[in-house]
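Close look at the chain arrangement
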Amino acid sequence: MLKNHLRSAFRHIMKNRSFVLINILGLSIGMAVCLLIMQYVSYENSYDRFHDDFENIYRVQFNVYKNGELKVECAAAVPAVGPAMKENFPEVLEFCRAFPIDGIVSYQEKSFRERKMQVADPSFIDMLTFPLVSGDPLTALKGANKCILTQEAALRFFDDEEPIGKSVTAFNKDFEITGILADVPANSHIKFSFIFSFQTLVEWYGENAETAWGWYDYNTYVKLQPGTDHQVFNKKFDLWLQETKGESWAKYNSRYEFPLQPLQSIHLYSDLLQESEPEENGNADSVKFLTIIALFILVIAWVNYINMATARAVERSREVGIRKIVGASRTQLINQFLLESIILNIGSLVIAFVLVELFLPLFRNLTGVQLALNLLKNLNIWLYLSGLFVCGTIISGLYPAFLLSSFPPLAILKGTIAGKSRDSFIRSLLVILQFIISFSLIAGIILVYQQLAYMRSRDIGFELNDTFVLKGPGVYESDSLLSIQINAFKDEISKYHFLKSFTTSTNIPGDEIFWGNGSRSTEQTDDKFLVMYIVGIDESFIPAFDLKLIAGRNFSREIASDDSAVVINRSAIDRYEFLSAENAIGKEIFLGNRRLTVVGVIEDFNQMSLKTGITPLAFPYYDYLDSYFSFKFNSADIADHIPDIKKEWQNFFPGNPFDYFFLDEFYDRQYKKDIQFSKVFGIFTFIAIFIALLGLLALSVFDNIRRNKEIGIRKANGASTSDIVLLLVKNLLKKIILAIIIAIPVTWFIMQKWLASYAYHIKISPFIFIISALITLAVALAALLIHSITTAQRNPSEILKYE
């Protein structure tokens, strides 16, 4: 029996090659897209799951409440919280702290600026799974002035030499290398090339580096006993905090909170201040959207198969009738048609896998993720393939099989099975579903591109073009000598006529500000103390970036009192409860342990991307700063003048890498994930529409076959080609218009939810829906006309010659 079914199935496939080709094309593309997206989704969800016992490891978040209102949500906690949790709660097995730093590391003649380094507890490499390939994990980070480095860093600095026991220089100190780490996996939220021993930080900053409750720069992790509910633990620790620290915080109307974040959720679900990911975090919403798109495309492909199979039901009715007359049971017919579905799905799956292999490099470039598709070793791929095959066969095969096998032989011989109203209703629902999805995707991609264009073109309050930025020197003899060097460099570089301005600062636009301190005005009471984020600047910063002074003045090197002066932004006016920008001038504020006089107020600007709001900022004056050197040019020919700057740099700061970038590119990197998402969304939207149009063509073919006799009679009675075309496309166009009407409120709701994640966003314009509707109707009409015009032009005598 199976042999007969196979022979019959292959005979049918060979006889209907065009039909089979369209089906396989839609199914294989849909499956390939689903496989690609599922690989990406699987990778995004795999972050930090390589750690042993990752489900019991948490990062300690730091929240600050002021007068009962949540003011700060930070990924970095205070150094005292980890030890306090372990000492007072048996649920905590271990803790570790990681203090992020960057700087220049040197070995002999080699110097590199290392942007991803940590100062960490000895337990860091054991509690988190970062295995040593060389060295003793028990002693590698014990004591001061020790460090371990990754295999990649070891190769850069030492080539084929053995690093263990040698010393590197960083921060004007020598550090003994005590271990080599395996390279950090790409799917780790925390990255590093060097880890320095925690005791080094204690030597630099004293006891506060271990015991402070107000210095929140430490990524702190805890490992709980298996089975511990972290939400219950959060409440227990809150009670302990109130008992031990509540009274001292209450006088400032403050309350601290240290909720635990599951390690595996950080990459996709955490969007806090001072995130430890060196690049922008993943986005759970984007991953969900791509998953939905993958399922949409697959559903459209399966619907196409159903429509194509049922479209040919009339043509196959004679085969069904003959089989039933000669004794075939309905079960045998169902098995026959299901076998055809299985063969097509197997063929589609094989082609889909080939397509994935071919387009995987392109998909890597689009997503920025180095996905690897290893069929033999990757269990997830086998699960996806099996799932696609089983679902595809059942969903796309069962309904056509039951429909085709249900035709009664007598009705077939009489020619009265042109179509059942129930089947017609189901097909109508399927085409409406397809175009609800298609319209939503078209409107979605238009909105995504508009939002991205808005963010990249909106006035951000400062001038970033033609700006060349150098990372400041990290190798110098002493602080006092460095100040002399920087000011001498300033004077020398200002002699070049191609430079418009030169400024030094602790941060530049697009660089997240980690420097914060408790602050209030002298007119406010202690309970008004709140964290103020700080950017140290010189007198050239405000004019260099074309920041708008709305009150007061800029700093001046000629005014000695400016050493205790500060400029604030507009948002800080309300923070300090000043009446206006003019009223703020001359007022004094406490910033940490400094008392500063407000000499100027600048207009708000977007320090970070438009995805985040504007925060109050304070800009104290320093005559020199060594974090960033920013150069503004008089012309766009920046590349021609870089050698001159490099020559002066090497004269004044020998041994320091010439590490530079352009500010517009640096600022724009914040939109990298959005750009990648828009490209992936756009390509897969096009694919979804293409597959949906194949389905529409199938419906058009079915409708034309069903109305074949009617068309012949109308033509014989004088109907024109245009009359017939209108007749053929009218019903399907009505369904598409109905799909658009249904899709508009659904799409609007989804768009509103997506835009809510941006601090600054566009308003949803009716034109988005109008343009999307026109595109949907245009491409649908084009697909319908392909077959309808051919049908309408047929000679009625050919159509009716057998009647």
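This section reports on the structure supplied with the text. Just so you know, these numbers come straight off a predicted model, no measurement behind them. (Residues numbered from 1 in each chain as written. Predicted model: local features only at pLDDT ≥ 70, side-chain atom pairs only at ≥ 80, totals over all residues. Heavy atoms only, no water.)

With respect to the helices, strands and loops of the structure, Ser483 is situated in helix α17 (residues 479-493). With a relative accessible area of 16%, Ser483 lands in the buried category. Taking the C-alpha atoms as reference points, Ser483 and Asp623, 140 residues apart in sequence, are found 8.3 Å from one another. (Helix = DSSP H or I, 4+ residues; strand = E, 2+ residues; numbered from the N terminus. Buried < 20%, exposed > 50% of the residue type's maximum accessible area, 1.4 Å probe, protein only.)

We now examine the side chain of Ser772. Position of Ser772 among the secondary structure elements: in helix α26 (residues 766-792). Judged by its relative accessible area of 0%, Ser772 is buried. In contact with Ser772, not counting residues within four places along its chain, are Phe439, Ile442, Ala443 and Ile446. (Contact = heavy atoms within 4.5 Å.)

Another point: the environment of Ile750. Looking at where Ile750 falls in the secondary structure, it is placed in helix α25 (residues 721-755). Each C-alpha atom, one on Ile750 and one on Gly444, is 8.8 Å from the other, the two residues being 306 residues apart in sequence.

Below, the discussion takes up the nonpolar core. By size, the foremost hydrophobic cluster in this structure holds 144 residues, and its most contacted members are Met85, Trp213 and Phe258. In terms of residue count, helix α2 (residues 17-45) provides more of this core than any other element does, 16 residues in total. Setting aside anything within four residues of it in sequence, one finds Trp213 in contact with Val78, Ala80, Val81, Ala84, Trp240, Leu241, Lys245, Trp249, Tyr256 and Phe258. In this structure, Ala153, Phe157, Val168 and Ala209 belong to the second largest nonpolar core, which totals 24 residues. (Core = buried A, V, L, I, M, F, W, Y, C linked by side-chain atoms within 4.5 Å.)

This part is about the packing of helix α3 (residues 81-88) against helix α8 (residues 230-244). Interhelical geometry of α3 versus α8 gives an angle of 100 degrees and a closest axis separation of 12 Å. One way to sum up the angle between α3 and α8 is to call them roughly perpendicular. Of α8, the residues touching α3 (which contributes Val81, Ala84, Met85 and Asn88) are Phe233, Phe237 and Trp240. Taken together, the residues of the contact of α3 with α8 break down into six nonpolar, one polar and no charged. (Axes fitted to C-alpha atoms, helices over the stretch in contact; angles between N-to-C directions. Parallel < 35°, antiparallel > 145°, perpendicular 65-115°, else oblique. Nonpolar A, V, L, I, M, F, W, Y, C, P; charged D, E, K, R; others polar.)

Another aspect to go through is a nonpolar patch on the surface. A contiguous nonpolar surface patch, about 560 Å² in accessible area, is contributed by Ile346, Val350, Val354, Leu358, Phe359 and Leu362. Inspection of the secondary structure puts Phe359 in helix α13 (residues 330-367). (Patch = residues over 30% accessible without salt bridge, like charges linked within 9 Å, V, L, I, M, F, W, Y side chains within 5 Å. Areas by Shrake-Rupley, 256 points an atom, 1.4 Å probe, with all protein chains shown as cover. Salt bridge = Lys/Arg side-chain N within 4 Å of Asp/Glu carboxyl O.)

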